[in-house]
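What follows is the residue order along each chain.
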Amino acid sequence: MAVPDVLSDLDPEQREVAAAVSGPVCVIAGAGTGKTRAITHRIAYGVHVGAFDPRRVLAVTFTTRAAGEMRGRLRSLGVDGVQARTFHSAALRQARYFWPQVTGGDLPEIMESKLNLVGTAASRCRVGTDRAVLRDLASEIEWAKVSNVLAEQYSSVAETSHREVAGVDAPTVARVYAAYEDLKFDRGLMDMEDILLAAVGLLEANPGVAEAVRAQYHHFVVDEYQDVSPLQQRLLELWLGERDDVCVVGDPAQTIYSFAGARPDYLLGFTERYPSATTIRLFRDYRSTPQVVSVANGVLRSASEQRENPEQRTGVVLQAQRPAGPEAVFVEHADEVAEAEWVAAEIARLRASGVPAREIAILFRVNAQSENYEQALANADIPYAVRGAERFFERAEVRQAAMLLRGAVRAGESPGDAPDAAAATAAILTSAGWSERPPSSGGAARERWESLAAVVALAEDVVAAQPDAGLADVVAELDARAASQHAPVADGVTVASLHAAKGLEWDAVFVVGVHEGTLPLNYAETAEQIEEERRLLYVGVTRAREHLSISWSLARQPGGRGTRQASRFLDGVRPGAAARTGSSSRERVSRPAAKRARSPARCRGCAAPLVDAAARKLGRCGDCPSTLDEALYERLREWRLERSREQKVPAYVVFTDATLMVIAETKPTEERALAELPGVGRAKLDRYGAEVLALCREHAVSNN
């Protein structure tokens, strides 16, 4: 590829990054400014002009998805052979190669999880083995190890670093940490942190190993440099030796993993360690509209105004490059249930206007907030996917799906009635558990369906790009993405924590639960802890391309005392009067709309607020007597079975048992009454409403 082709479509700052192919380089890249584009073009440009040998370049980042994206972009720029890996992957590759040469034995077995061993260590130290406590202990041990804190040092470091584990004092944590390390050594095991420690140990203690690694890699690129831990920084220094041919890229405003050992100090202090470094700031935001960018800058502004050098801690002030879009929405609700129901209604409106479900996300501070949103989306018949761990192509159901599709290609088989490769993929994966509608339950069944739905969505993307594509093309794309760890996205609304949303983006984002006590969390007490909470909100806001909604609730439960306040991070960002009334700067979210959203669901028997999900689904308190018409209920079940067989879907996809019970209790005969029942969304009303109403009317006539 000609050099001009590599540089010509970059903006001035990106081009400066791409052309800086020698010496230390520090790139401060704001959200949505094209940092991956800049650094991959830098590598490609360096290769094309002969400054880099692709086999001598190591690019490291923090997730397999990001590493896979980097490899894919380099491939599209005509560059092969560059190693793009996570820190752990690169360290493990080196440890596995050099460990036998140095020790004469194989690398110890790597544990998939440290929880069981932490549990044994905790028992030996007479610490309760409640699973939540064990998770906290495991996380604290991880933090200590990546921070280069030994067990005997932990107590003093924890005190100065304000580290706490609920219910366990620092000396006890230190004893559990030491017992865990002893158990691990006795059993010949390694954890994920030991992979980094092993690589560091091999390089530090063996000059020959260090020389071999430095002979292999001459040029280094580190993405998300604000998230490096002391241990990762030490590994990078050992890779470099006395050289300084390193390019680091990061954004201090997106430092949100300090609890796991990340330190922005290495990014902020880069020019102190390398006085000759070239520093370039990427500030042109290509992701978000000016309205979204204004909110993002505003979230950081109140903190940065208190500092002498605002950009030192906050990175850059973004400048939007996209055309204007809708105003950001700020809405106050009476309780969390009302907030979730409002969000679901807004998502339904967005989908009706043409925004795909996969381009919508609900983001919250803690995972426990997801339940109300999952329930509200299910009630509105809106597909959704709860975002968890990546490792998409390692999932058993995805491997099975790939095997089934490859088998069909080898056998030359394709469902005869399938109009295209996407439909054929869906039909083949039916045997693996895919269906048009997701299971109503959560857990493993839901996760399996989401994975298969993502494969079907991938096939749909292939057909959209190439209408005459066959199953072989789908398999080829699946294999290519598996090789680069680029996971497809299921066609559902993403429900995720703010931490899990890092690095992702959507057309529409709902940041929910933005009130004091949750964002920032109550236990965020120090100034630095508070600022990290602020950065979390900044990360959430900058995930939105066009539509941004920020909401909060005055009470946790319907009927509760409304004592909460909107987050301090919204001061000076949201329109004051709009935020107080529950309306927004956009006329569509008017005061009546907010008032409707704040009306809690109430029992149709005693009129008490319905708090738990089961009660809301039934529309009445568990203690209130049921008015179930058993004859009508059985007739509805028979009808549902007929429809499920016709459509070749599980019965609950038509209506759940709980929804049928509500119908049999209320016996609606008008569409409006049926539409108001929980579990009856617009889609199901359109599809099944006429038949259900006819059954209810027939039953009413036969009983009069």
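Rules behind the numbers
- Residues numbered from 1 in each chain as written.
- Predicted model: local features only at pLDDT ≥ 70, side-chain atom pairs only at ≥ 80, totals over all residues.
- Heavy atoms only, no water.
- Helix = DSSP H or I, 4+ residues; strand = E, 2+ residues; numbered from the N terminus.
- Axes fitted to C-alpha atoms, helices over the stretch in contact; angles between N-to-C directions.
- Parallel < 35°, antiparallel > 145°, perpendicular 65-115°, else oblique.
- Left-handed = near helix turned anticlockwise from the far one by under 90°.
- Contact = heavy atoms within 4.5 Å.
- Nonpolar A, V, L, I, M, F, W, Y, C, P; charged D, E, K, R; others polar.
- Phe/Tyr/Trp six-rings, centres within 6.5 Å; stacked < 30°, edge-to-face > 60°.
- Buried < 20%, exposed > 50% of the residue type's maximum accessible area, 1.4 Å probe, protein only.
- Expected span 1.5 Å × (residues − 1).
- pLDDT = per-residue confidence, 0-100.
- Salt bridge = Lys/Arg side-chain N within 4 Å of Asp/Glu carboxyl O.
- Pairing = 2+ DSSP bridges.
- Right-handed = clockwise from strand over helix to strand, strands pointing away.

Peer 1: How would you summarise unusual backbone geometry if you had to cite specific residues and measurements?
Peer 2: It is generally the case that most residues other than glycine have a negative phi and that most peptide bonds are trans. Here leucine 519 and proline 520 are connected by a cis peptide whose omega angle stands at 10°. Mapped onto the fold, proline 520 is located in the loop between β15 (506–511) and α23 (527–541). Positioned with a positive phi, aspartate 381 is a non-glycine residue whose angle comes to about 60°. By secondary structure assignment, the location of aspartate 381 is in the loop between α18 (370–379) and β13 (384–386). One non-glycine residue, lysine 667, lies in positive phi territory at about 50°. Mapped onto the elements of the fold, lysine 667 is located in the loop between α29 (657–666) and α30 (671–675).

Peer 1: Describe the packing of helix α5 (residues 87–103) against helix α10 (residues 192–205), with residues and values.
Peer 2: One can describe the packing of α5 onto α10 by two numbers: an axis separation of 8 Å at closest approach and a directional angle of 55°. Judged on the interaxial angle alone, α10 and α5 are oblique. Here α5 and α10 pass one another in a crossing that is left-handed. In contact with Phe87, His88, Ala91, Leu92, Gln94, Ala95, Phe98, Trp99 and Val102 of α5, α10 contributes Met192, Ile195, Leu196, Ala198, Ala199, Leu202 and Leu203. Split by residue class, the contact of α5 with α10 holds 14 nonpolar, two polar and no charged.

Peer 1: Account for the packing of aromatic side chains, with residues named and values stated.
Peer 2: Taken as a whole and assessed by the stated rule, the structure comprises twelve aromatic pairs. Their ring planes at 90° and their centres at 4.9 Å tell us that tyrosine 97 and phenylalanine 98 sit as a pair that is edge-to-face. By relative accessible area, tyrosine 97 is classed as exposed at 53%. Residue class for phenylalanine 98 comes out buried when judged on its relative accessible area of 9%. In textbook terms, an aromatic cluster arises when at least three aromatic residues are bridged by ring pairs, as seen for Phe62, Phe87, Tyr217, Phe220 and Trp239.

Peer 1: Just give me the short version of α23, but keep the residues and values in it.
Peer 2: Think of an α-helix as turning once every 3.6 residues; residues three or four places apart then point the same way. For α23, which comprises 15 residues, the first-to-last C-alpha distance of 21 Å matches the rise-based estimate of 21 Å (1.5 Å per residue) to within 8%. With twelve of its 15 residues buried, α23 lies for the most part within the structure. Those residues of α23 that fall on the buried side of the exposure criterion are Ile530, Glu531, Glu532, Glu533, Arg534, Arg535, Leu536, Leu537, Tyr538, Val539, Gly540 and Val541.

Peer 1: Can you tell me about the confidence of the model for the protein, naming the residues and giving the values?
Peer 2: Low-pLDDT stretches of the model should not have their predicted coordinates read in fine detail. Mean pLDDT for the protein: 82, with 84% of residues reaching 70 or above. Mean pLDDT per element in the protein: helix α25 (residues 591–597) is the minimum at 36, and β15 is the maximum at 96. Taken as a whole, residues 305–312 scores under 50 in pLDDT and shows nine contacts with residues more than four places along the chain or in a different chain. Scored below 50 in pLDDT, residues 440–444 shows three contacts in the model against residues more than four places distant or in partner chains.

Peer 1: Describe the pattern of salt bridges, and please don't skip the residues or the numbers.
Peer 2: One pass over the full model with this rule turns up 35 salt bridges. Between arginine 65 and glutamate 69 there is a salt bridge, with its nearest N and O atoms 3.8 Å apart. Placement of the pair is arginine 65 and glutamate 69 together in helix α4 (residues 64–76), with a separation of four residues, close to one helical turn. The salt bridge involving arginine 643 is made with glutamate 646; its shortest N-O contact spans 3.0 Å. Pair noted here: arginine 643 and glutamate 646 are both in helix α27 (residues 630–647), with a separation of three residues, about one helical turn.

Peer 1: Give a description of the environment of alanine 421 that names residues and reports values.
Peer 2: Its place among the elements puts alanine 421 in helix α20 (residues 421–429). Using a relative accessible area of 4% as the deciding quantity, one classes alanine 421 as buried. Taking the C-alpha atoms as reference points, alanine 421 and alanine 459, separated by 38 residues in sequence, lie 6.8 Å from one another. In contact with alanine 421, other than residues within four places in its own chain, are Ala459, Val463, Ala469, Gly470, Leu471 and Val474.

Peer 1: Describe the sheet that holds strand β8 (residues 278–282), naming the residues involved and giving the relevant values.
Peer 2: Read from one edge to the other, the open sheet built from six strands follows the order β3-β2-β6-β7-β1-β8, with strand pairing classed as parallel. Edge positions in the open sheet fall to β3 (83–86) and β8, since each of these has one partner strand only. On average, adjacent strands in this sheet sit at an angle of 15° to one another, irrespective of strand direction. Bridge count for strand β6 (residues 219–222) against strand β7 (residues 246–250) is three bridges, and the pairing is parallel. If you follow valine 222 over to β7, its bridge partner there is valine 248. Contacts from α4 reach β2 (57–61) and β3 within the one sheet, and its direction differs from that of β3 by about 170°. The strands touched by helix α12 (residues 230–240) within the sheet are β2, β6 and β7, with β6 carrying the most contacts at an inclination of about 160°.

Peer 1: Could you give an account of the environment of lysine 502, with specific residues and numbers?
Peer 2: Topologically, lysine 502 is positioned in the loop between β14 (493–497) and β15. Given the relative accessible area of 12%, lysine 502 is considered buried. A sequence separation of 246 residues divides lysine 502 from isoleucine 256, and the C-alpha atoms of the two residues are 9.0 Å apart. Ignoring any residue separated from it by four or fewer positions in sequence, one finds lysine 502 in contact with Arg65, Glu224, Gln226, Asp227, Gln254, Ile256, Tyr257 and Val539.

Peer 1: Tell me about the sheet that holds β13, and name the residues and values.
Peer 2: In any sheet, the strands associate via hydrogen bonds between backbone groups, in a parallel or an antiparallel arrangement. An order of β11-β16-β15-β12-β14-β13 is seen for the six strands of this open sheet, with the pairing classed as parallel. With one partner strand each, in any of the chains shown, β11 (329–335) and β13 form the two edges of the open sheet. Direction aside, neighbouring strands of the sheet carry axes that sit 20° apart on average. Here three bridges tie β13 to β14, and the two strands are oriented parallel to one another. Bridge assignment links valine 386 to a residue of β14, and that residue is valine 495. The sheet strands contacting helix α17 (residues 336–352) are β11, β12 (360–364), β14, β15 and β16 (544–555), and the helix crosses β11 at an angle near 140°.

Peer 1: Give a description of the pairing of β2 that names residues and reports values.
Peer 2: Summarising burial for β2: five of the five residues are buried, a large majority. Residue alternation in β2 divides its side chains into two sets, Val57, Ala59 and Thr61 and Leu58 and Val60, and both sets are buried. As paired elements, β2 and β6 share four bridges and run parallel to each other. Its bridge partner being in β6, valine 60 is matched across the sheet by valine 222. Two strands pair when backbone bridges link them, and β2 and β3 are joined in this way by four bridges, in the parallel orientation. For threonine 61, the partnering residue across the bridge sits in β3 and is threonine 86. Note on the crossover from β2 through α4 to β3: the handedness is right-handed.

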